[in-house]
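Each chain is listed here by its residues.
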Amino acid sequence: MASPRSAATGGLGFRGNVAKQGSTQSNNTRAGAAAAAAAAAAGVLENSSNVSSSNNIPVHPHARRGGRYMNLSRDDSSMGGGDSEMGSEFLYTVHIPATPDHQPMMSATPSSGTTTDTDLRALPPPSTDSGNKNLERRLSLLKTQPNNNNNNNQSSDFDSARWLYQTKGTYGYGNALWPKSDGYTGPTDTSIPPAVGAQPDFVDKARRPLSRKISVSAGILSPYRLLVLIRLVVLVLFLTWRISHPNTDAVWLWGMSVVCEVWFGFSWILDQFPKLCPINRSTDLQVLKEKFEMPTPENPSGRSDLPGIDVFVSTADPEKEPPITTANTILSILAAEYPLEKLCCYLSDDGGALLTFEALAEAASFARVWVPFCRKHLIEPRNPETYFLLRRDPTKNKVRHDFVKDRRQVKREYDEFKVRINGLPEAIRRRSDAYNAHEEILAKRTQLETGIDGSDVPKVPKATWMADGTHWPGMWIQSAKEHSRGDHAGIIQVMLSPPTSEPLMGSSDDGNIIDTTDIDIRLPMLVYMSREKRPGYDHNKKAGAMNALVRTSAIMSNGPFMLNLDCDHYIFNSNALREAMCFFMDRGGDRICYVQFPQRFEGVDPNDRYANHNTVFFDVNMRALDGLQGPVYVGTGCVFRRMALYGFDPPRARDHGGCWSFCCCCCSREKSKMKTLKMSQRGSEVASLAGGMSDEDEDVEAVMLPKRYGSSVIFAASIPVADYQGRPLADKGVHNGRPAGALTVPREPLDASLVAEAINVISCFYEDKTEWGSRVGWIYGSVTEDVVTGYRMHNRGWRSIYCVTKRDAFRGTAPINLTDRLHQVLRWATGSVEIFFSRNNAMLASTRMKFLQRVAYLNVGIYPFTSIFLLVYCFLPALSLFTGQFIVQTLNLSFLIYLLIISVCLFGLAVLEVKWSGITLIDWWRNEQFWVIGGTSAHLAAVFQGLLKVTAGVEISFTLTSKSGGEDEDDLYADLYIIKWSSLFVPPLTIMLTNGIAIVVAVVRTIYSSNPEWSKLVGGVFFSLWVLMHLYPFAKGLMGRGGRTPTIIYVWSGLLAVIISLLWVYLSPSSNSQSQGVSGGFQFP
């Protein structure tokens, strides 16, 4: 029977075919001819004109295949079977592959004819002809007359292992194996078509995605959504039951509690529904490198084809934002892993302080040592202060033998750098005093030379002097006209010039601090900017400074993407910028307006007493918003698309009309027409700026352009360039793409005219009668300009991305003492109130914003108002204990079941949020506690401040949050115990004292009562303890350290608590007192 290891691919099998020999010469000849024809058709045998009648078996040479043929009998080959066509007298010709052990032992030629390339090709897969039983068994057999001599001589040399595993077959063509140009294929081989060509690149790197969306496991998300639905249904049933079962003994108490509970239910819906679609994302940095920074036919030099990025760092007060902190942030940016010629760093000093200016100059000098050291030894993180304070082995994963030596040298340089920074204030003061004294002497000398009375003291301004002996054009230490905080000239200084396009390798000269051989020592461009400020102009705080940075960078570098950082937020992951580019340069990346990174903080106490990490917001809410239209913009750690900040609509914007889109087909058609019209308008706007417009349109655009962006022609010309450079690479399925290699050309040099134009666009009058702050750039009119700016982009149809990296992208500092923390929350909440009463209210959003995205933005504007109901609800337990009443008539089974189900669902949702977000239950509980603390203090004050601004026009001013450390340098958490007087402390402390007094009064009254009502006591005490548990971190913070809490806080809070308690006892005495005839005065219905 046939061998089970058949030659399905044409490579395993016997050479030859079955042919029966006749008894006569003519029959033998005809049979041989037929066998030869059959073999030729199968691509196995050579064409032969005659078959000899002798017993010798013809052996056909196979020059390309090598090896030899051997004759085996059925018995020798152990393949006997019940084949009716083959008896024991037949022999089999077997082809042994060419190996060192099996070389051809005889030279035989066919009886006639010659061997061709076609005859020597490999055996293709045999056909499955039903008429041939041997071919069905995938064996190629040749019938010959027995020849005992040859059989005995060759059968003993057969090696079955080599025959099985070293036979070469025909595999066709594909990505597993591609035939070579000089291979064994031929024109008559039907398994491989002729001229298949050279092997293509099966791994198409250009089409591999740069980013990937990872859905949350259905095993977590489905129960999560189910619990949300269950809690919603139970909440509706509970509120219905509460409304239908009033407490007739205390209607006022029942009414207040029901109103508060209805609002809490509404607020929970606004907060919970946008969390229904959480997602995660991942990036592939290797694909980004292969696609944009490796040699390709379009980019043979292998230069980086990535777009440029301009990094903005903002500071305003060197006293509250120490220069050493700002300098470390700058150093981490300069050392980032991004093409040097594509990276530019801008520092905005809104205070115009010489201290910040000279600190930046010192940082630029130290960067020439720090940046090459980071590149040479792959240092992480690249903030020197953080790196040298790491409590771990610095030599881990370091392989260069000179690392320890280099680290020691750089550490010494950094210590000297810090000493110089710390000594700058005194150095500037002494220098200024010396120059001012010299100026006074010169003034007196001039006065004497001119004959003026020497008794008059000449008036010499107390100027602040630079190191080169010139006046500082910014703010002076002693304020003077045109040199004060709100009145000084605009300043732009290029600290580090733009690098060359070609790498500049270092050397091992003795003058270098470290050996920089084979290390690129170029540095990115570094620019200092302080915008002009004059009295009578509204400078719009941080938003105005950011818009000045946008215009300055457009003139000087014009990177199509911009990263903004606070001065205390540094780059912790040197690949963070590449992570963002994976989203912008991927398919559909042209519709992304910004990539927001989570904020991570250092220096927070281990217990995170005041929820400074804010993990619930950054790891739960923001991940959930990423599954909708994108996260909100939170002020720092965000990479923007320049065109989105310029007020342009996104390409291929879509309307999300929801149920309204199904109401009327005509309406849908009109929306489609409007969308097409807006798309064409956007294209025409960009084309007009690029110069592709008619003469008539040029006149219109010449009038509209100054009204939109200002009078700078260079700025207007930079807009289409930024639009083109920010596009992803053109490819199949990519819309609005650019050709590969378009961004490999060197950047134009920075000349004096560009610097002069950059100074012009930061003047205080440049924005007059333009759309800056209303549609273009950061939006004005709110202390939370970040949220409003992100809202405007989403409202135009842009998408945003939330990028959570394995290694934190950025890290910063957070205020850890209670006073600063509450003032920070107050500023955020006040901005939310301003948003609610402005045209940025989500209820007025366009149809391009998704419904759940609107709900999320609506919650941003509404959440401060929850403080009013929360304050009332926190006093209700105390009032219940004072009066002996409760929010329900009796603690019946229905009330307890509803309460239990709602609480269990809430806890279940918390557990599942922990599962899909990666936070802990402690983080969740800390967030709940601070929600009550902030809601009864900062949020409440924000509501009143916002109402005053809207109704009376009272402007709200906030001071910067201090980034400096505490007095005790040996304690990292010294700031935690700093307590400063603030009126925000009074409401929560009053709540605590009132509830504490109420518990004592209720317990005493119940114990000595003739008819104690223990159920109402238990209910009131439980809810009072619930309030006190949430306010425990606040109470612990007030204790401070060593009695530092101001006494006035306790005085005012205690006085208010006593007044409220006595007033309520007087207004609503207990029923026992009423029965004894004690008059209670006013009675609630």
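All figures in this text were calculated on a predicted structure; none of them were measured in a lab. (Residues numbered from 1 in each chain as written. Predicted model: local features only at pLDDT ≥ 70, side-chain atom pairs only at ≥ 80, totals over all residues. Heavy atoms only, no water.)

Caption draft 1: Highlighting the overall build of the chain. On a plain count of helices and strands, the chain comes out with 33 helices and 15 strands. A buried classification covers 50% of the 1085 residues belonging to the chain. For the chain, restricting intrachain contacts to residue pairs at least 6 apart in sequence, the fraction spanning at least 24 positions comes to 79%. (Helix = DSSP H or I, 4+ residues; strand = E, 2+ residues; numbered from the N terminus. Buried < 20%, exposed > 50% of the residue type's maximum accessible area, 1.4 Å probe, protein only. Contact = heavy atoms within 4.5 Å.)

Caption draft 2: Highlighting the UniProt feature "transmembrane region" (unreviewed entry) in the chain. Within this numbering scheme, the UniProt entry marks residues 856-879, 891-912, 984-1008, 1014-1035 and 1047-1067 as carrying the feature "transmembrane region" (unreviewed entry). Across residues 891-912, the secondary structure splits into 91% helix and 0% strand, with the terminal C-alpha atoms separated by 31 Å. For residues 1014-1035, the end-to-end C-alpha separation is 29 Å, with 95% helix and 0% strand making up the annotated structure. (UniProt positions renumbered as here; feature names shortened; annotations may be inferred.)

Caption draft 3: Region of the structure containing the side chain of D605. Mapping D605 onto the fold places it in the loop between β12 (600-602) and α16 (615-626). No salt bridge is formed by the buried D605; the nearest opposite charge belongs to R609, separated by 4.9 Å. (Lys, Arg positive; Asp, Glu negative; His and termini not counted. Salt bridge = Lys/Arg side-chain N within 4 Å of Asp/Glu carboxyl O.)

Caption draft 4: Layout of the pattern of salt bridges. Considering all chains together, one arrives at 40 salt bridges under this definition. When the shortest N-O distance is used, the salt bridge between R848 and D649 registers 3.7 Å. Of this pair, R848 sits in the loop between α23 (818-836) and α24 (851-862) while D649 sits in the loop between α17 (642-645) and α18 (665-690), placing them 199 residues apart in sequence. Each member of the pair R848 and D649 is classed as buried.

Caption draft 5: Spotlight on the pairing of strand β14 (residues 799-802). By the alternation rule, side chains of β14 split into R799 and I801 and S800 and Y802, which are all buried. In this structure, strand β11 (residues 592-596) lies alongside β14, joined through four bridges in parallel fashion. Across the sheet, residue Y594 finds its bridge partner in β14, namely S800. (Pairing = 2+ DSSP bridges.)

Caption draft 6: Spatial organisation of helix α6 (residues 218-244). Compared with an ideal rise of 1.5 Å per residue, which puts 27 residues at 39 Å, α6 spans 38 Å between its outermost C-alpha atoms and is within 8% of the ideal. By the burial criterion, the buried members of α6 are I220, L221, Y224, V228, R231, V234, L235, F238, L239, W241 and R242. Elements in contact with the buried residues of α6: α7 (251-272) and α26 (893-917). (Expected span 1.5 Å × (residues − 1).)

Caption draft 7: Examining the environment of V228 more closely. Inspection of the secondary structure assignment puts V228 in helix α6. With sequence-adjacent residues up to four places away left out, V228 is seen in contact with W268, Q272, F273, L276 and L909.

Caption draft 8: Representation of the packing of aromatic side chains. If you walk through the whole model with that rule in mind, you get 45 aromatic pairs. Here F366 and Y414 contribute two aromatic rings whose centre-to-centre distance is 5.7 Å and whose plane-to-plane angle is 45 degrees, an arrangement assigned as tilted. Taken together, the positions of F366 in helix α10 (residues 354-377) and Y414 in helix α12 (residues 403-422) put the pair 48 residues apart, joining distant regions of the chain. Of the residues examined, Y414 reaches a relative accessible area of 1% and is grouped as buried. What links up through ring pairs into an aromatic cluster is the set F366, W370, F373, Y387, F388, F403, Y414 and F417. The lysine or arginine in question, R231, covers the ring of W268, its NZ or CZ lying 4.8 Å from the ring centre. (Phe/Tyr/Trp six-rings, centres within 6.5 Å; stacked < 30°, edge-to-face > 60°. Lys NZ or Arg CZ within 6 Å of the ring centre and 35° of its normal.)

Caption draft 9: Just the sheet that holds β11, in detail. Taken together, eight strands build an open sheet; the order of strands is β7-β8-β6-β5-β9-β13-β11-β14 and the sheet is mixed. Where the open sheet ends on each side, the last strands, each with one partner, are β7 (491-496) and β14. Ignoring strand direction, the axes of neighbouring strands in this sheet form an average angle of 20 degrees. When strand β6 (residues 343-349) meets strand β8 (residues 525-530), the two strands line up parallel, connected through five bridges. Counted as the bridge partner of S348 is M529 from β8. Most of the contacts of helix α9 (residues 323-334) go to β6, to which it runs at about 165 degrees, and overall it touches β5 (309-315), β6, β7, β8 and β9 (561-566). (Axes fitted to C-alpha atoms, helices over the stretch in contact; angles between N-to-C directions.)

Caption draft 10: Seen up close, helix α13 (residues 424-449). Its 26 residues give α13 an end-to-end C-alpha distance of 37 Å, which sits within 8% of 38 Å, the value for a rise of 1.5 Å per residue. Elements in contact with the buried residues of α13: α10 and α12. Following α13 by one or two positions, G451 adopts a phi angle in the positive range, close to 85 degrees.

Caption draft 11: Representation of the nonpolar core. Ranked by internal contacts, the top residues of the largest apolar core, which has 96 residues, are F640, Y646 and Y709. If you tally residues by element for this core, the top one is helix α14 (residues 541-556), at eight residues. Not counting the four nearest positions on each side in its chain, Y646 is found in contact with V550, A554, Y709, F715, I719, W772 and V776. Ranked by size, the runner-up nonpolar core spans 78 residues in total, among them Y338, A367, Y414 and V595. (Core = buried A, V, L, I, M, F, W, Y, C linked by side-chain atoms within 4.5 Å.)

Caption draft 12: Local environment of the sheet that holds strand β15 (residues 810-813). If you walk across this open sheet you meet the three strands as β10-β15-β12, and the pairing is mixed. Two strands in the sheet have a free side with no partner beyond their single neighbour: β10 (570-571) and β12. Strand direction decides the pairing type here: β12 and β15, joined by three bridges, are parallel. When the bridges of β15 are listed, F601 appears paired with G812.

Caption draft 13: Layout of a nonpolar patch on the surface. Taken together, the side chains of L226, L229, I230, V233, L237, L893, I897 and I901 make up a nonpolar region of the molecular surface, amounting to roughly 690 Å² of accessible area. Elements with a minimum of two residues in the nonpolar patch: α6 and α26. Sorting elements by how many residues they give to the nonpolar patch places α6 first, with five residues. (Patch = residues over 30% accessible without salt bridge, like charges linked within 9 Å, V, L, I, M, F, W, Y side chains within 5 Å. Areas by Shrake-Rupley, 256 points an atom, 1.4 Å probe, with all protein chains shown as cover.)

Caption draft 14: Looking closely at unusual backbone geometry. Residues E380 and P381 are joined by a peptide bond in cis, for which omega reads -10 degrees. Checked against the element boundaries, P381 lands in the loop between α10 and α11 (384-388). For N614, which is not glycine, the phi torsion reads 55 degrees and is therefore positive. Among the structural elements, N614 can be located in the loop between β12 and α16.

Caption draft 15: Up close: the packing of α7 against α24. Running from N to C, α7 and α24 cross one another at 135 degrees; their axes reach a closest spacing of 8 Å. On the basis of the axis angle, α7 is oblique to α24. Across the interface between the two elements, W263, F266, S267, L270 and D271 from α7 touch V855, L858, N859 and I862 from α24. Looking at the contact of α7 with α24, its residues break down into six nonpolar, two polar and one charged. (Parallel < 35°, antiparallel > 145°, perpendicular 65-115°, else oblique. Nonpolar A, V, L, I, M, F, W, Y, C, P; charged D, E, K, R; others polar.)

Caption draft 16: Representation of the packing of α14 against helix α20 (residues 713-725). Between α14 and α20, the shortest axis-to-axis distance is 9 Å and the interhelical angle comes to 80 degrees. Judged by the angle between their axes, α14 and α20 are roughly perpendicular. Between α14, through R551, A554 and I555, and α20, the contact on the second element is made entirely by I714, F715 and S718. Residues that form the contact of α14 with α20 fall into these classes: four nonpolar, one polar and one charged.

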